[in-house]
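# Report on the structure
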Amino acid sequence: MADQQREYSKRFPDANGYYGQFGGNHYPSDVWPALEELASSYHALRDLPEFLDALETARIGLQGRPTPVHFLKNITDEIGGARIYVKREDLNHTGAHKINHCVGFALLAKKMGKRRLIAETGAGQHGVALASAAAFFGLECEIHMGAIDIEKQSSNVGRMRLLGAHVVAASAGQSALKEASDSAFSAFVEQREHALFAIGSAIGPHPFPMIVRDFQSVVGREARQQFLSLAAAALPDHVVACVAGGSNAIGIYSGFLDDAGVALHAVEPRGTSDELGQHAATLSFGSPGTLHGAQSLVLQHEDGSPAPVSSIASGLVYPGIGPEIAMLHQEGRLHVTTVSDEEVIRTFFRIAKSEGIIPALESAHALAFAIQLAKRRPSSECILVNLSGRGDKDVDYILANYGTEGQRVVD
Ligand SMILES: Cc1ncc(COP(=O)(O)O)c(C=O)c1O
């Protein structure tokens with residue numbers, strides 16, 4: 001681990017799993033033993049050479065790491081402003097950054113003597129990644145997914161089943177990511193003797209946000225070194241990531257958190273409007289509350305119940321945010337912005353046609369903002385975007401609703 005990252009991860013979380021006022025463990029006491037078992041196993045294993053070697057083997061052979069940093073030359077030339085680079089997490093096996101922490105959790109489960117991995121998924125990227133990691137390490141896999149997402153992301157559901165996972169439909173409430181998380185966590189509590197919960201993002205009670213961050217930090221670590229080895233041998237001026245729970249964001253930010261000269265941008269889904277229920281922009285519009293066992297920022301009704309949320313990107317439809325991202329926001333370390341569904345669709349087509357890359361709708365949020373930023377900044381500045389996933393999972397939906405040219409939205 002690079003010194004700069006070790007410094008930061010030593011400071012947070014504190015001994016009780018807090019990031020400033022956010023985080024902790026707010027689940028009932030019957031869950032504590034399972035969380036304590038996970039925390040102590042993780043601390044005992046994480047620096048062992050045999051654990052790190054097995055992780056590295058999976059990262060190289062199964063995942064295809066390291067992923068490159070790539071210059072979006074065509075878009076940059078079209079804009080004529082700051083230069084846009086992408087960290088190609090879309091090139092990971094199974095198509096997104098999620099596999100960075102899935103292989104970590106699968107290896108942990110194996111070493112802890114558990115036989116099953118349980119998780120929730122939104123867009124299906126986490127589910128497919130976990131199913132693949134489970135198969136690789138010889139573990140069973142149970143994925144909980146909102147009934148609406150099962151319909152929208154049918155190709156990912158097929159992939160999970162093909163990889164041997166059992167898919168459980170969550171049909172309460174909005175039948176989306178929050179309900180899938182509720183359902184998966186209850187399944188974990190019931191099966192904790194033989195199962196490990198491999199949470200989908202840097203959310204939930206301690207120690208999940210810390211473990212996800214540590215496994216995702218490979219993105220920031222690689223990106224920092226790769227950027228420094230480019231011709232200018234300098235750090236990027238801006239690092240941009242889309243945010244739901246915050247796993248891809250904290251992954252790339254972790255390489256640059258102590259570099260005051262690097263502006264960190266968090267891009268949230270504005271959906272169809274700023275009205276509660278029409279977006280999923282928790283940093284922008286949320287308030288302190290408790291969700292999925294942690295204190296954080298939450299989009300909520302006055303009585304504290306989570307509000308409905310909406311975005312064209314299933315993986316961003318979540319009414320909360322990871323506690324570490326909430327703390328960074330409160331400390332003023334993040335520049336927070338929102339992007340609408342319509343801007344996302346426009347960007348999806350633009351990146352596909354100009355750069356030959358079909359981005360995930362989630363990642364298209366970050367790219368849309370990067371394009372806006374590049375227009376305002378001089379060509380001497382560099383923007384690094386976490387291209388968190390590829391859009392193959394979104395193609396059927398896009399073709400059915402917008403055709404091949406995006407006529408309804410493209411100018
Ligand atoms: C490609 C991609 N990017 C981003 C996200 C958002 O999750 P997170 O905020 O944990 O990175 C998802 C979630 O499914 C995703 O599939």
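Worth saying up front: this structure is predicted, and the values here are computed from it rather than measured. (Residues numbered from 1 in each chain as written. Predicted model: local features only at pLDDT ≥ 70, side-chain atom pairs only at ≥ 80, totals over all residues. Heavy atoms only, no water.)

### Notes on the site of the ligand
As a structural note, the neighbourhood of the ligand is formed by 17 residues, with Ser201, Gly246, Ser247, Asn248 and Ser388 the closest of them. Measuring from an oxygen atom of the ligand, one finds a side-chain N or O atom of Ser201 at 2.6 Å. Gly246 places a polar main-chain atom, nitrogen or oxygen, 2.8 Å from an oxygen atom of the ligand. For the ligand, whose free accessible area comes to 390 Å², the fraction covered by protein is 98%. Grouping the amino acids of the shell around the ligand by side-chain chemistry returns five nonpolar, ten polar and two charged. (Near = heavy atom within 4 Å. Polar contact = N/O pair within 3.5 Å; in protein donor to acceptor, adjacent residues only side chain to side chain. Areas by Shrake-Rupley, 256 points an atom, 1.4 Å probe, with all protein chains shown as cover. Nonpolar A, V, L, I, M, F, W, Y, C, P; charged D, E, K, R; others polar.)

### Structural notes on the packing of aromatic side chains
This structure, assessed with the given rule, holds twelve aromatic pairs. Their ring planes at 15 degrees and their centres at 4.3 Å tell us that Tyr27 and Phe185 sit as a pair that is stacked. One end of the pair, Tyr27, is in the loop between β2 (22-23) and α2 (32-45); the other, Phe185, is in helix α9 (residues 177-191), with 158 residues separating them in the sequence. Relative to Phe188, the ring of Phe185 lies with its centre 5.6 Å away and its plane at 70 degrees, an arrangement referred to as edge-to-face. (Phe/Tyr/Trp six-rings, centres within 6.5 Å; stacked < 30°, edge-to-face > 60°. Helix = DSSP H or I, 4+ residues; strand = E, 2+ residues; numbered from the N terminus.)

### Observations regarding helix α3 (residues 49-63)
Over its 15 residues, α3 extends 20 Å from the first C-alpha to the last, a length consistent with the 21 Å expected when each residue adds 1.5 Å. Within two residues after α3, Gly64 carries a phi angle of roughly 85 degrees, on the positive side. (Expected span 1.5 Å × (residues − 1).)

### Side note on the state of the cysteines
Tallied over the full model, the rule gives zero disulfides. Here Cys102 is not disulfide-linked; the sulfur of Cys141 is the nearest cysteine sulfur, at 8.3 Å. Since its relative accessible area comes to 0%, Cys102 is described here as buried. Cys242 takes part in no disulfide bond, and the closest cysteine sulfur, belonging to Cys102, lies 16 Å away. (Disulfide = S-S within 2.5 Å. Buried < 20%, exposed > 50% of the residue type's maximum accessible area, 1.4 Å probe, protein only.)

### Examining the domain arrangement of the chain
Under the domain assignment, the chain is made up of domain 1 (3-61 + 98-208) and domain 2 (64-95 + 217-402). With centres defined by C-alpha atoms, the gap from domain 1 to domain 2 works out at 21 Å. Tallying the contact residues gives 46 residues for domain 1 and 55 residues for domain 2. At the surface where domain 1 touches domain 2, the tally comes to one salt bridge. On the surface where domain 1 and domain 2 come into contact, there are 18 residue pairs in polar contact (both at pLDDT 80 or more). (Domains from an automatic or database assignment. Contact = heavy atoms within 4.5 Å. Salt bridge = Lys/Arg side-chain N within 4 Å of Asp/Glu carboxyl O.)

### Considering the environment of Leu130
With respect to the helices, strands and loops of the structure, Leu130 is situated in helix α6 (residues 125-137). According to the relative accessible area criterion, Leu130 is buried, its value standing at 0%. When the C-alpha atoms of Leu130 and Ala106 are compared, they prove to be 7.7 Å apart, with 24 residues separating the residues in sequence. Residues in contact with Leu130, not counting those within four places in the same chain, are Cys102, Leu117, Ile118, Ala119, Cys141, Ile143 and Ala198.

### Some points on the packing of helix α5 (residues 99-112) against α6
Relative to each other, α5 and α6 sit at 40 degrees, their axes nearing to 9 Å. Considering only the axes of α5 and α6, their crossing is right-handed. On α6, the residues touching Ile99, His101, Cys102, Val103, Ala106, Leu107 and Lys110 of α5 are His126, Ala129, Leu130, Ser132, Ala133 and Phe137. Split into classes, the residues belonging to the contact of α5 with α6 amount to nine nonpolar, three polar and one charged. (Axes fitted to C-alpha atoms, helices over the stretch in contact; angles between N-to-C directions. Left-handed = near helix turned anticlockwise from the far one by under 90°.)

### Focus: the nonpolar core
Counting 89 residues, the largest nonpolar core has Phe105, Leu108, Leu117, Ile252, Tyr253, Ile325 and Leu384 as its most contacted members. When residues of this core are assigned to domains, at least three fall in each of domain 1 (3-61 + 98-208) and domain 2 (64-95 + 217-402). If we skip the residues at most four places from it in the chain, Phe105 touches Leu117, Leu196, Phe197, Ala198, Ile199, Phe208, Ile211, Val212 and Phe215. Formed by 35 residues, the second largest nonpolar core is a distinct cluster that contains Ile312, Ile357, Ala366 and Ala368. (Core = buried A, V, L, I, M, F, W, Y, C linked by side-chain atoms within 4.5 Å.)

### A few points about unusual backbone geometry
The peptide bond linking Arg65 to Pro66 adopts the cis configuration, its omega dihedral lying at 0 degrees. Looking at the element boundaries, Pro66 is found in the loop between α3 and β3 (69-71). Between His206 and Pro207 the backbone carries a cis peptide bond, its omega angle lying at 15 degrees. By the secondary structure assignment, Pro207 is in the loop between β8 (195-197) and α10 (208-228). Its identity as a non-glycine residue notwithstanding, Thr94 has a phi of 75 degrees, on the positive side. If you trace the backbone, Thr94 turns up in the loop between β4 (83-88) and α5. Its identity is not glycine, yet Ala233 carries a phi of approximately 50 degrees, on the positive side. Residue placement: Ala233 occurs in the loop between α10 and β9 (238-242).

### Regarding the environment of Gly322
With respect to the helices and strands, Gly322 occurs in the loop between β12 (294-298) and α13 (323-330). Residue Gly322 is classed as buried on the basis of its relative accessible area of 1%. When the C-alpha positions of Gly322 and Val243 are compared, they lie 9.3 Å apart, and in sequence the two are 79 residues distant. Residues contacting Gly322, with those up to four places away along its chain left out, are Ala202, Ile203, Gly245 and Ser296.

### Observations concerning the pattern of salt bridges
A side chain with one charge may pair with a side chain of the opposite charge, provided their charged atoms come close. All told, the structure shown has 24 salt bridges when counted by the stated rule. Across the pair Lys114 and Glu37 runs a salt bridge whose closest N-O atoms are separated by 3.1 Å. In this pair, Lys114 is assigned in the loop between α5 and β5 (116-121) and Glu37 in helix α2, connecting sequence segments 77 residues apart. In this structure, Asp274 engages Arg270 in a salt bridge whose closest nitrogen and oxygen atoms are separated by 3.7 Å. Its relative accessible area of 47% is what places Asp274 among the partly exposed residues. It is possible to trace a salt-bridge network through shared partners that takes in Arg46, Arg213, Asp214 and Glu324.

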